[in-house]
Amino acid sequence: MRYLLVDRVLDWTANERIRGIKNVAMTEDFLEFHFPGNPVMPGVLTIEALVQLAGWLCAASSDFKGWFLPSSVDNCKFYGLAMPGDQLELTVEAVSYGADKAAFKGVGTVMGKKKAVAQFSGDIVRLDEIGDAQKERRFFKILMRELGL
C-alpha cells in the first residue's frame, strides 16, 4: 500500500519552498496499531509527508521531469505528535537545489505548534523512470485544487 501523506498543496515557489496539509483522520489504518487506545500519527510518517512534499516541489519545479528521492535524514527533532482530527501543516524549504541533488528543511505544525523539524537530502531522478509524469501532473492539479472539482 502506498501512503499518500499530502492531502493538499497550499502554495509553492519553484526550486525554493512548498506548503501543504495532511489531515489526520481517525480512519487512518496506521492508527489501529499506533497505539491501541491512544492513536497518534507516527513521527516517521510526518517525516515521510515532508519528503513527499519535497517530491512535489521537485516535480512542479521541473515541469514534471524530476522527482526527489531521499538518501538521508541529516537531522530530526520531534516536539509532539499529530492526533486524529489534527490538520498537520507542512512546510518544506530548499537548503540546496541542483540538477541531480537537493537538500531540504521541513517543519510540521498543528495549530501553529511545532510537531517535527527535519533536514534531509537526496537525489533528483527522472520522473519518467519511476512513474507516469502525466498522471503526476494531473494529481498535482488536484492537490492544488486547479481542476475545479
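What comes next is a walk through the structure. Owing to the predicted nature of the structure, the values given are computational and were not obtained by experimental measurement. (Residues numbered from 1 in each chain as written. Predicted model: local features only at pLDDT ≥ 70, side-chain atom pairs only at ≥ 80, totals over all residues. Heavy atoms only, no water.)

**Describing the side chain of Ser 121**
Here is the rule we go by: The secondary structure listing takes helices from DSSP runs of H or I that are at least 4 residues long and strands from runs of E that are at least 2 residues long, numbered from the N terminus. The contact criterion used is simple: two residues touch if any of their non-hydrogen atoms lie within 4.5 Å.
Within the secondary structure, Ser 121 is located in strand E6 (residues 113–126). When near neighbours in sequence (up to four residues on either side) are disregarded, Ser 121 contacts Phe 68, Pro 70, Ser 71, Ser 72, Asp 74, Ala 102 and Ala 103.

**Considerations on the nonpolar core**
Using the following cut-off: Side-chain atoms within 4.5 Å link the members of a nonpolar core, which is a set of buried Ala, Val, Leu, Ile, Met, Phe, Trp, Tyr and Cys residues. The cut-offs for exposure are 20% and 50% of the maximum accessible area for each residue type, with area from a 1.4 Å probe on protein chains only; residues under the lower value are buried, those over the upper are exposed, and the others partly exposed.
Counting residues in each nonpolar core, the largest one holds 39 residues, and the members touching the most others are Phe 104 and Phe 120. Residue assignment for this core shows that the elements contributing at least two residues are helix H1 (43–61), strand E3 (66–78), strand E4 (87–97), strand E5 (101–110), E6 and helix H3 (133–143). The element contributing the most residues to this core is H1, with 12 residues.

**Topic: the pattern of salt bridges**
Under the convention used in this document: Salt bridges, as used here, are contacts in which a Lys or Arg side-chain nitrogen is within 4 Å of a carboxyl oxygen on Asp or Glu.
Tallying each qualifying case throughout the model produces 11 salt bridges. Between Lys 65 and Asp 63 there is a salt bridge; the shortest N-O distance is 3.5 Å. Note on Lys 65: relative accessible area 54%, which makes it exposed. The partly exposed category is assigned to Asp 63, whose relative accessible area is 41%. Ionic pairing is found between Asp 123 and Lys 101, a salt bridge with its closest N-O pair at 2.6 Å. Taken together, the residues span a long stretch of sequence, with Asp 123 in strand E6 and Lys 101 in strand E5 at a distance of 22 residues. Look at the salt bridges and you will find they share partners, linking Asp 11, Arg 17, Arg 19, Glu 89 and Glu 93 into a network.

**Focus on the packing of aromatic side chains**
Filter applied, for reference: Here a pair means two rings of Phe, Tyr or Trp (six-membered ring of Trp) with centres within 6.5 Å. Their orientation is stacked below 30 degrees between planes, edge-to-face above 60, and tilted elsewhere. A ring is scored as having a charge over it whenever the NZ atom of a lysine or the CZ atom of an arginine sits within 6 Å of its centre and within 35 degrees of its normal.
Using the criterion set out here, one finds 10 aromatic pairs in the structure. The interplanar angle of 85° and the centroid separation of 5.0 Å between the aromatic rings of Phe 68 and Phe 104 together place this pair among those described as edge-to-face. With a gap of 36 residues between them, Phe 68 in strand E3 and Phe 104 in strand E5 connect regions that are remote in the sequence. The same class applies to Phe 68 and to Phe 104, which are both buried. A ring pair is formed by Phe 104 and Phe 120, whose centres lie 5.8 Å apart and whose planes are at 35°; its orientation type is tilted. Placement of the pair is Phe 104 in strand E5 and Phe 120 in strand E6, with a sequence separation of 16 residues. For the residue pair Phe 104 and Phe 120, the accessibility class agrees, reading buried in each case. Among the aromatic residues, those joined into a cluster by ring pairs are Trp 12, Trp 56, Phe 64, Trp 67, Phe 139 and Phe 140. In this structure, Lys 114 packs its charged tip against the face of Tyr 79, placed 5.0 Å from the ring centre.

**Structural notes on the sheet that holds strand E2 (residues 17–23)**
Basically, it comes down to this: A pair of strands is considered paired only if DSSP assigns at least 2 bridges between the two. Axis definition: a line fitted to C-alpha atoms, limited for helices to the stretch in contact. Angles are taken between N-to-C directions and run from 0 to 180 degrees.
Strand order in this open sheet of 6 strands is E1-E2-E4-E5-E6-E3, and the pairing throughout is antiparallel. Of all strands in the sheet, those bounded by a partner on one side alone are strand E1 (8–13) and E3. Between one strand axis and the next, the sheet turns through 25° on average, direction left out of account. Where E5 meets E6, 10 bridges bridge the pair, whose relative direction is antiparallel.

**What to know about the side chain of Thr 91**
Inspection of the secondary structure assignment puts Thr 91 in strand E4. Taking relative accessible area as the criterion, Thr 91 reaches 18% and is therefore assigned buried. Sequence-distant contacts of Thr 91, defined by excluding residues within four places in its chain, comprise Arg 17, Ile 18, Arg 19, Leu 50, Lys 105, Gly 106 and Val 107.

On their own, these measurements won't tell you what the molecule is for.
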